[in-house]
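# Chain and residue survey
Listed below are the residues making up each chain.
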Amino acid sequence: MIQNNSSIVELDKNAIANNVDFIRSQIGKGVKLSCVVKANAYGHSIEQMVPELENNGVRHFSVFSSFEAREVYQATRKKSTIMIMGDISNEDLPWVVEKQIECFVYNFHTLKKLVEEGIKQKIKVCIHVELETGMNRHGYSKTDWEELIDYLRKEKDNYILQGLCTHFAGAESSANYKRIQDQQEVFLNGLSVFRDNNLIPQNVHSSCSAAILAYPEFNHDLVRIGILTYGLWPSTEMELTYKIKNKTQKSPLKRVLSWKSRITDISFVESGEFIGYGNSYLAETDMKIASVPVGYGYGFNRSLSNTGRVIVNGVRLSVVGIVNMNMFLIDASNVDVSINDEVIIIGRHGDKSINVKHFGNLSDTLNYELLTRIDKAIPRVIV
Ligand SMILES: *Cc1c(COP(=O)(O)O)cnc(C)c1O
């Protein structure tokens, strides 16, 4: 891949170890941890995160697509289990079966194709049957359970029932409490219907990051954890709830990702001039402006125009003018800066930090969304 060296993403391996330990302390010993590394490991990079998580004992990875499954397959050093929770492309289907990649199935279309391909290759496909329990996204609805069970009983020699699963619709907000309880009830009902029909899943799973914190009683024997792995909370509410419950101000999580660039140019602007495209920023005094070679094309949201902040030499500086495709400008009027000085876009310097959440609140975008937008071509390095 051609790398985009105008900035760099650093991944803190101590933070990764810390977060995995924290997750394990929450779920306890009997529960298997699957780290969710979809969307290029939430922007961190599958290539770097998978081996580092393996160094911390993780042997199970969840992805959305067969494309991502191939990336994990390339990255794994320990032959870890790979589970696809979403899409299998037609081209990848034979590969998925051959490599015994585990797959969520949520409709007959995919289930039948997998089973047929398995028969062709004389390999039992590993399936996780997803039940629709109230999110209304993916999964077999109650009305289809009878037909599903008939099919599974008929084909019972042609697959391994690796899991029975569902996904909660918003466990990170207490506003959804009732809906999650109802989902759990439907799920447990489904589980007993399966068991009554002698269909015994190897694993039962429903919980994401928010659910292990808010509903630990729903962990079953496997959990699918994304955002906590990267040291971020599923929501501010979850962070506060955790801190209040544990009577602590300190977060048990450590942020894994920092994003850094450098100053490419410094210029002087006279009072009364507009800065950048259009007239959104008027210099009200004489100003010193520095340019940073990162723009919305690399994931630095355009809505950070005139509002974003970065850290240079330990000082927080403001974005001035509109964020461009490949660069943005910062106000360096009152600080000593030089070309090539480091610019921290996300990360910390001493007691100053710009975290993804701040970045997110300003631009009104979710943690998750911002991270996944950081251009994949920017190099990721473990530090
Ligand atoms: C993304 C995802 C997860 C992980 O969610 P986090 O909130 O990041 O822990 C778990 N399960 C499914 C089905 C998902 O799509």
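Residues numbered from 1 in each chain as written. Predicted model: local features only at pLDDT ≥ 70, side-chain atom pairs only at ≥ 80, totals over all residues. Heavy atoms only, no water.

### With respect to the overall build of the chain
In plain terms, the rule: Working definition: helices are DSSP H or I runs of at least four residues, strands are E runs of at least two. Numbering for both runs from the N terminus. The classification of residues rests on relative accessible area computed with a 1.4 Å probe and restricted to protein chains. Under 20% of the type maximum is buried, over 50% is exposed, and intermediate values are partly exposed. Residue contacts follow a heavy-atom distance rule, with two residues in contact if any of their heavy atoms lie within 4.5 Å. Each accessible area is a Shrake-Rupley estimate made with a 1.4 Å probe; only the visible protein chains count as cover when residues are assessed.
Helix and strand counts for the chain stand at 12 helices and 18 strands. Projecting the C-alpha coordinates of the chain onto the three principal axes gives extents of approximately 80 × 45 × 40 Å. Residues classed as buried in the chain amount to 54% of the 383 residues present. For the chain, the proportion of contacts with a sequence separation of at least 24, taken over those separated by at least 6, is 66%. When the accessible surface of the chain is summed, it comes to about 17,800 Å², and 47% of that surface belongs to carbon and sulfur atoms.

### Some points on the packing of aromatic side chains
In plain terms, the rule: Aromatic pairing here means that ring centres of Phe, Tyr or Trp (its six-membered ring) are within 6.5 Å. Orientation follows from the plane angle: under 30 degrees is stacked, over 60 is edge-to-face, and everything else is tilted.
If you walk through the whole model with that rule in mind, you get 11 aromatic pairs. Geometrically, the ring pair formed by phenylalanine 22 and tyrosine 242 is edge-to-face, given 5.5 Å between the ring centres and 80 degrees between the ring planes. Of the two residues, phenylalanine 22 sits in helix α1 (residues 13-27) while tyrosine 242 sits in helix α10 (residues 236-245), which places them 220 residues apart along the sequence. Judged by its relative accessible area of 7%, phenylalanine 22 is buried. Residue tyrosine 242 is classed as buried on the basis of its relative accessible area of 16%. Aromatic pair phenylalanine 108 and tyrosine 151: ring centres 6.3 Å apart, planes at 80 degrees, arrangement edge-to-face. Taken together, the residues phenylalanine 108 in helix α6 (residues 108-121) and tyrosine 151 in helix α7 (residues 145-154) connect sequence positions 43 residues apart.

### What about the pattern of salt bridges?
Threshold: Just to be clear on terms, a salt bridge is a Lys or Arg side-chain nitrogen sitting within 4 Å of an Asp or Glu carboxyl oxygen.
The tally for this structure, following the rule as stated, stands at 11 salt bridges. Ionic pairing is found between glutamate 117 and lysine 120, a salt bridge with its closest N-O pair at 3.7 Å. Remark: lysine 120 and glutamate 117 occur in helix α6; sequence separation between them is 3 residues, near one turn of the helix. Arginine 373 is paired through a salt bridge with glutamate 369; the nearest N and O atoms lie 2.2 Å apart. Of this pair, arginine 373 and glutamate 369 both sit in helix α12 (residues 367-373), 4 residues apart, which is roughly one turn of that helix.

### As for the site of the ligand
What counts, and what does not: The near set for a molecule or strand comprises every residue that places at least one heavy atom within 4 Å of it. In protein, a polar contact requires one atom able to donate a hydrogen and another able to accept it; more generally it is a pair of N or O atoms within 3.5 Å, and residues adjacent in sequence count only if both atoms are side-chain atoms. Points on a 1 Å grid over protein atoms alone make up a cavity when a 1.4 Å probe fits among them but cannot get out, and a pocket when they form an open set with protein on both sides within 12 Å along at least five of seven lines; lining residues each have an atom within 4 Å of a point. A pocket or cavity is taken to hold a molecule when more than half of that molecule's atoms are within 2 Å of the pocket's grid points. In the scheme used here, Gly and all other residues not listed as nonpolar or charged are polar, with Ala, Val, Leu, Ile, Met, Phe, Trp, Tyr, Cys and Pro taken as nonpolar and Asp, Glu, Lys and Arg as charged.
Every one of the 13 residues lining the ligand counts as a neighbour, but Lys38, Tyr42, Ser209, Arg224 and Ile227 are closest to it. Serine 209 has a polar side-chain atom sitting 2.5 Å from an oxygen atom of the ligand. Taking arginine 224, its side chain carries an N or O atom lying 2.9 Å from a nitrogen atom of the ligand. A total of 390 Å² of accessible area belongs to the ligand in isolation, and the protein chains cover 91% of it. Mapping the ligand onto the cavity grids shows that it belongs to the largest pocket. Elements that contribute at least two residues to the shell around the ligand include exactly α2 (38-42) and β9 (222-225). Partitioning the shell around the ligand into residue classes produces 7 nonpolar, 3 polar and 3 charged.

### Focus on the nonpolar core
Just so we agree on the cut-off: Buried Ala, Val, Leu, Ile, Met, Phe, Trp, Tyr and Cys residues form a nonpolar core when they are joined through side-chain atoms within 4.5 Å. Domain start and end points were adopted from an automatic or database domain assignment.
With 111 residues, the main nonpolar core has Val129 and Trp259 as its most contacted residues. Take this core: its biggest share by element is 6 residues, from α1. Counting contributing residues, this core receives three or more from each of domain 1 (31-245) and domain 2 (257-382). If you look at the next biggest cluster of nonpolar residues, it comprises 6 residues, including Ile275, Ala283, Met287 and Ile289.

### A word on the layout of surface pockets
Note the threshold: Grid points are joined across faces, edges and corners, and a volume is the space filled by probe spheres set on the points.
Put simply, the largest pocket is a space of about 620 Å³. The set of elements that each furnish at least two residues to the lining of the largest pocket consists of α2, β4 (81-87) and α9 (209-214). Here the residues of the lining of the largest pocket sort into 15 nonpolar, 7 polar and 5 charged.

### Examining the domain arrangement of the chain
Threshold: When two parts are brought into contact, each loses some accessible area as probed by a 1.4 Å sphere; the total of that loss over both is the buried area.
When its domains are assigned, the chain resolves into domain 1 (31-245) and domain 2 (257-382). Here the C-alpha centre of domain 2 lies 38 Å away from the C-alpha centre of domain 1. Counting residues at the interface gives 16 residues for domain 1, matched by 10 residues for domain 2. Taking both partners together, domain 1 and domain 2 bury about 1,200 Å²; carbon and sulfur atoms supply 60% of that area. Where domain 1 packs against domain 2, one counts 1 salt bridge. For glutamate 71, the salt bridge identified is with lysine 376, shortest N-O distance 2.7 Å. Linking domain 1 with domain 2 are 3 residue pairs in polar contact (both at pLDDT 80 or more). Here the side of domain 1 that touches domain 2 gets 3 residues from one element, more than from any other, and that element is α2. Looking at side-chain class alone, the side of domain 1 that touches domain 2 contains 7 nonpolar, 6 polar and 3 charged residues.

### A look at the packing of helix α3 (residues 46-55) against helix α4 (residues 66-75)
Quick note on the threshold: Fitted lines through C-alpha atoms serve as axes, helices being fitted only where they are in contact, and the angles separating the N-to-C directions of these axes extend from 0 to 180 degrees. An angle below 35 degrees is treated as roughly parallel, one above 145 as roughly antiparallel, one from 65 to 115 as roughly perpendicular, and anything else as oblique. Put simply, a crossing is left-handed when the front helix is turned counterclockwise from the back one by less than a right angle, and right-handed when it is turned clockwise.
Close contact between α3 and α4 brings their axes to 9 Å; oriented N to C, the two are set at 55 degrees. Taken together, the axes of α3 and α4 are oblique relative to one another. Our pair here, α3 against α4, has a crossing hand that is right-handed. Contact residues: Ile46, Glu47, Val50, Pro51 and Glu54 in α3; Glu68, Glu71, Val72 and Ala75 in α4. Residue composition of the contact of α3 with α4, by class: 5 nonpolar, no polar and 4 charged.

### Observations concerning α6
So the rule is basically this: The span expected for a helix works out to 1.5 Å for each residue beyond the first.
End to end, α6 covers 20 Å across 14 residues, agreeing with the expected 20 Å (1.5 Å per residue, within 8%). Every buried residue of α6 is accounted for by Phe108, Thr110, Leu111, Leu114, Val115, Glu117 and Gly118. Residues of α6 that are buried make contact with α5 (93-98), β5 (102-105), β6 (125-130) and α7. Of the residues that open α6, the one with a side-chain oxygen 3.3 Å from the backbone nitrogen of histidine 109 is asparagine 107. Once α6 finishes, lysine 122 follows within two positions and takes phi at roughly 55 degrees, a positive value.

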